[in-house]
Amino acid sequence: MKLQKLLTYTIAALAIASCSDSDTPDADIYANYSCYNAVTNRSTEESILSAGNYRIQTTFGNEDNTLTLSGSVIIKTGDDPIHFTTDPITMKFDGNAYTFSNGVATSDNGKHTITDLSGKLMLVNNIIIPRITYTVDDTYHVAATSNSPIFYCPATTTTPQGQDPYAYTGSLVTVKFADSKTADITIVNAKFSEAMPAMTMTVPNVTLTPIEGGYEFTTDRIVPELNGTPFEQYAFTNFNFRVDTDGTVMRCNFVCTFKGIPHQIATYGSTFPPIE
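Residues numbered from 1 in each chain as written. Predicted model: local features only at pLDDT ≥ 70, side-chain atom pairs only at ≥ 80, totals over all residues. Heavy atoms only, no water.

### Some thoughts on the layout of surface pockets
Link 1 in the chain: As a volume, the largest pocket reaches approximately 410 Å³.
Link 2 in the chain: Around the largest pocket, the lining comprises 26 residues; the ones closest to its centre are Ile-127, Ile-128, Ile-129, Pro-130 and Ser-146.
Link 3 in the chain: When residues of the lining of the largest pocket are traced back to their parent elements, those giving at least two are strand 1 (27-41), strand 9 (127-136), strand 10 (140-146) and strand 11 (150-160).
Link 4 in the chain: Take the lining of the largest pocket: its biggest share by element is 6 residues, from strand 1.
Link 5 in the chain: Considering only residue class, the lining of the largest pocket consists of 15 nonpolar, 10 polar and 1 charged. (1 Å grid on protein atoms, 1.4 Å probe; cavity = no way out; pocket = protein on both sides within 12 Å on 5 of 7 lines; lining within 4 Å. Points joined across faces, edges and corners; volume = space filled by probe spheres on them. Helix = DSSP H or I, 4+ residues; strand = E, 2+ residues; numbered from the N terminus. Nonpolar A, V, L, I, M, F, W, Y, C, P; charged D, E, K, R; others polar.)

Here it is, written out as structure tokens:
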């Protein structure tokens, strides 16, 4: 079902409920978003991942659709969180999602400024998938990255040495954070050849390096797990994993040698699912 239909059904249902209880036809949708903020000091180019929480209120009215965002961010390790709430920000529908820009706020204690707040919201099956980014005190770039993102992969390409590439379109990649430094990376429905059955492979307990707008992990060799059991037969080498674009885009490439043949594997994905 197309996103616009999902939005129409959801908003219509909420509008009916709203009209039955008050004089306003506006429909409000609320969501809580726990995440890790990727924070980069653009003066020093130092980055950290710090826990963050946001409350998203979207209001759909007859004239304007607006977003009100309450959030918290730690911009330096050891600092207390900065809390803020924006005034309503106008949203525009681009055919796939609602976008917003130029949001501003002052922290609750009056000591910090929030500027350039922008991003987009996609509503699928009553779940809000956000992209949120902003600047604190004209210095710190902040991207709110999900603590359990799902990346939808349009294609995973496997190129065996000396052979034609094989493309598979049924995979997902997930990241499950244990804390701000450690996570499991899982390839759901991994399939590197026509003969290989689709399987779920997890790269466990990796140490993430914060970067602007996301994080990355690189290692020379690592053994994935199947159902919690190391699978040496499918050891990964030259493993490179990167999430950027404010936590919404994933790229991963590595070599998997099986039956004595190195297979170069490359995939990419987005937290925003494709619209059919």
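### Quick look at empty space enclosed by the protein
Link 1 in the chain: Tallied over the full model, the rule gives 2 cavities of 30 Å³ or more.
Link 2 in the chain: Of the voids in this model, the second largest cavity is the one considered here, and its volume is about 40 Å³.
Link 3 in the chain: Thr-156, Ser-171, Val-173, Ile-187, Phe-192, Phe-254, Ile-265 and Thr-267 together form the lining of the second largest cavity.

### Considerations on the pairing of strand 9
Link 1 in the chain: Counting buried positions over the 10 residues of strand 9 gives 8, a clear majority of the element.
Link 2 in the chain: Pairing of strand 8 (residues 113-124) with strand 9, which is carried by 9 bridges, proceeds in the antiparallel orientation. Paired with Ile-114 across the strands is Val-136, a residue of strand 9.
Link 3 in the chain: The hairpin turn running from strand 8 into strand 9, its antiparallel successor, is 2 residues long, and Asn-125 in that turn takes a positive phi close to 50 degrees.
Link 4 in the chain: Where strand 9 lies against strand 10, 4 bridges are found, and the strand directions are antiparallel. Within strand 10, the position partnered with Tyr-134 by the bridge is Val-142.
Link 5 in the chain: Once strand 9 ends, the chain turns through 3 residues before running back antiparallel as strand 10, passing Asp-137 with a positive phi of about 55 degrees. (Buried < 20%, exposed > 50% of the residue type's maximum accessible area, 1.4 Å probe, protein only. Pairing = 2+ DSSP bridges.)

### Remarks on the environment of Thr-40
Link 1 in the chain: Secondary-structure assignment places Thr-40 in strand 1.
Link 2 in the chain: When its relative accessible area of 3% is taken as the criterion, Thr-40 is described as buried.
Link 3 in the chain: Placed 55 residues apart in sequence, Thr-40 and Gly-95 show a C-alpha to C-alpha distance of 31 Å.
Link 4 in the chain: Residues contacting Thr-40, with those up to four places away along its chain left out, are Glu-45, Glu-46, Ser-47, Thr-139, Tyr-140, His-141, Ile-211, Glu-212 and Gly-213. (Contact = heavy atoms within 4.5 Å.)

### Regarding unusual backbone geometry
Trans peptide bonds make up most of the peptide bonds, and negative phi angles are found at most residues other than glycine.
Link 1 in the chain: Even without glycine at this site, Asn-189 takes up a positive phi of about 60 degrees.
Link 2 in the chain: Looking at the secondary structure, you find Asn-189 in strand 14 (residues 182-190).
Link 3 in the chain: On the basis of relative accessibility, which here comes to 31%, the residue Asn-189 falls in the partly exposed class.

### Describing the nonpolar core
Grouped burial of nonpolar side chains is what soluble globular proteins tend to show.
Link 1 in the chain: In this structure, Phe-192, Met-201, Tyr-215, Phe-236, Phe-239, Phe-241 and Phe-254 are the most contacted members of the largest nonpolar core, which totals 35 residues.
Link 2 in the chain: Elements supplying a minimum of two residues to this core: strand 1, strand 11, strand 13 (172-177), strand 14, strand 15 (199-207), strand 17 (214-222), strand 20 (236-244) and strand 21 (249-258).
Link 3 in the chain: It is strand 21 that contributes the most residues to this core, 5 residues altogether.
Link 4 in the chain: Discounting residues that sit within four places of it in the chain, Tyr-215 has contacts with Leu-49, Thr-145, Pro-149, Phe-151, Val-175, Phe-177, Leu-208, Thr-209, Pro-210, Phe-241, Arg-242 and Val-243.
Link 5 in the chain: Ranked by size, the runner-up nonpolar core spans 30 residues in total, among them Phe-60, Ile-128, Tyr-134 and Tyr-140. (Core = buried A, V, L, I, M, F, W, Y, C linked by side-chain atoms within 4.5 Å.)

### A short note on the packing of aromatic side chains
Link 1 in the chain: One pass over the structure, following the stated rule, counts 13 aromatic pairs.
Link 2 in the chain: With a centroid separation of 5.3 Å and 70 degrees between ring planes, the pair formed by Phe-84 and Tyr-134 is classed as edge-to-face. Of this pair, Phe-84 sits in strand 4 (residues 82-85) while Tyr-134 sits in strand 9, placing them 50 residues apart in sequence.
Link 3 in the chain: Classification of Phe-84 as buried rests on a relative accessible area of 1%.
Link 4 in the chain: With a centroid separation of 5.3 Å and 40 degrees between ring planes, the pair formed by Tyr-234 and Phe-258 is classed as tilted. On the criterion of sequence distance, the pair formed by Tyr-234 in the loop between strand 19 (229-230) and strand 20 and Phe-258 in strand 21 is long-range, its members being 24 residues apart. Phe-258 shares its class with Tyr-234; the two are buried.
Link 5 in the chain: Pairwise contacts between aromatic rings join Phe-192, Phe-217, Phe-236, Phe-239 and Phe-254 into one cluster.
Link 6 in the chain: Over the aromatic face of Phe-272 sits the side chain of Lys-120, whose NZ or CZ is 4.1 Å from the ring centroid. (Phe/Tyr/Trp six-rings, centres within 6.5 Å; stacked < 30°, edge-to-face > 60°. Lys NZ or Arg CZ within 6 Å of the ring centre and 35° of its normal.)

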